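# Overview (structure and organization)
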Amino acid sequence: KKKQIEIRQKIYFDSGKDSIKEVSFPVLNEIGSVLTDSKRMEILIEGHTDSQGSASFNMRLSDTRAQSVRRYLIDRGIDENRLMAIGFGETKPIADNKSRAGRDKNRRVEFKIIRDR
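Let me begin by describing the structure that accompanies this report. (Residues numbered from 1 in each chain as written. Predicted model: local features only at pLDDT ≥ 70, side-chain atom pairs only at ≥ 80, totals over all residues. Heavy atoms only, no water.)

Turning our attention to the overall build of the protein. Counting secondary structure elements, the protein contains 3 helices and 3 strands. Helices (α) and strands (β) of the protein occur, in sequence order from the N terminus, as α-β-α-β-α-β. Taken over the C-alpha trace, the protein has a radius of gyration of 14 Å; the compact-globule value for 117 residues is 13 Å, and the two agree within 12%. A principal-axis box enclosing the C-alpha atoms of the protein has dimensions of 40 × 30 × 25 Å. Expressed as a percentage of the 117 residues in the protein, the buried residues total 39%. (Helix = DSSP H or I, 4+ residues; strand = E, 2+ residues; numbered from the N terminus. Rg over C-alpha atoms; globule rule 2.2 N^0.38 Å. Buried < 20%, exposed > 50% of the residue type's maximum accessible area, 1.4 Å probe, protein only.)

Scanning the entire structure with this criterion turns up 7 salt bridges. Across the salt bridge formed by K112 and E46, the nearest N and O atoms sit 3.2 Å from each other. One end of the pair, K112, is in strand β3 (residues 108-116); the other, E46, is in strand β1 (residues 41-48), with 66 residues separating them in the sequence. Classification of K112 as partly exposed rests on a relative accessible area of 38%. A relative accessible area of 6% places E46 in the buried class. Put simply, D75 and R71 hold a salt bridge, and the shortest N to O gap is 3.6 Å. Residue D75 and its partner R71 are located together in helix α2 (residues 55-75), separated by 4 residues, close to a single helical turn. (Salt bridge = Lys/Arg side-chain N within 4 Å of Asp/Glu carboxyl O.)

This part covers the packing of aromatic side chains. Under the defined criterion, the tally for this structure stands at 1 aromatic pair. Taking NZ or CZ as reference, R76 lies 3.7 Å from the ring centre of Y72, over its face. (Phe/Tyr/Trp six-rings, centres within 6.5 Å; stacked < 30°, edge-to-face > 60°. Lys NZ or Arg CZ within 6 Å of the ring centre and 35° of its normal.)

Okay, the sheet that holds β3 next. Strand order in the open sheet made by the 3 strands is β2-β1-β3, with mixed pairing throughout. The strands lining the two open edges of the sheet, one partner per strand, are β2 (83-87) and β3. Strand after strand, the sheet turns through a mean of 20° between neighbouring axes, direction not considered. As paired elements, β1 and β3 share 8 bridges and run antiparallel to each other. The residue bridging H48 from the neighbouring strand is R108, located in β3. Each of β1, β2 and β3 is contacted by helix α1 (residues 25-37), which is oriented at about 155° to β1, the strand it contacts most. Relative to the sheet, α2 contacts β1, β2 and β3, its axis offset from that of β2 by approximately 160°. (Pairing = 2+ DSSP bridges. Axes fitted to C-alpha atoms, helices over the stretch in contact; angles between N-to-C directions. Contact = heavy atoms within 4.5 Å.)

On to the nonpolar core. By size, the foremost hydrophobic cluster in this structure holds 20 residues, and its most contacted members are I11, I43, I45, V69, L73 and F111. Counting residues per element, the ones that place at least two in this core are α1, β1, α2, β2 and β3. The greatest single-element share of this core, amounting to 5 residues, is contributed by α2. (Core = buried A, V, L, I, M, F, W, Y, C linked by side-chain atoms within 4.5 Å.)

In structure tokens form, the structure reads like this:
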């Protein structure tokens, strides 16, 4: 049976920045624990932004945010070869960017299991 990582809490960043807010550390520590227990699990960390700002800025920001999450997990002992990170900028919205609530939902980091052998 495949293991699933379901994250309902958000990973928070300051607006326009890639430094992870302390409030997100418990969620990331929990992900680290799952990865420690599942030694062969590999994950893809996807960074996403809202549509505020230029597309090129958002692409860079989403990538550096995903890399920040990757670095956090590596710093907690997860093998870097098990963690891939990529930014999608504003290209994969899950909500309408016209409202504040929608933009808030679009600023996110998602975790996908690549392999769990």
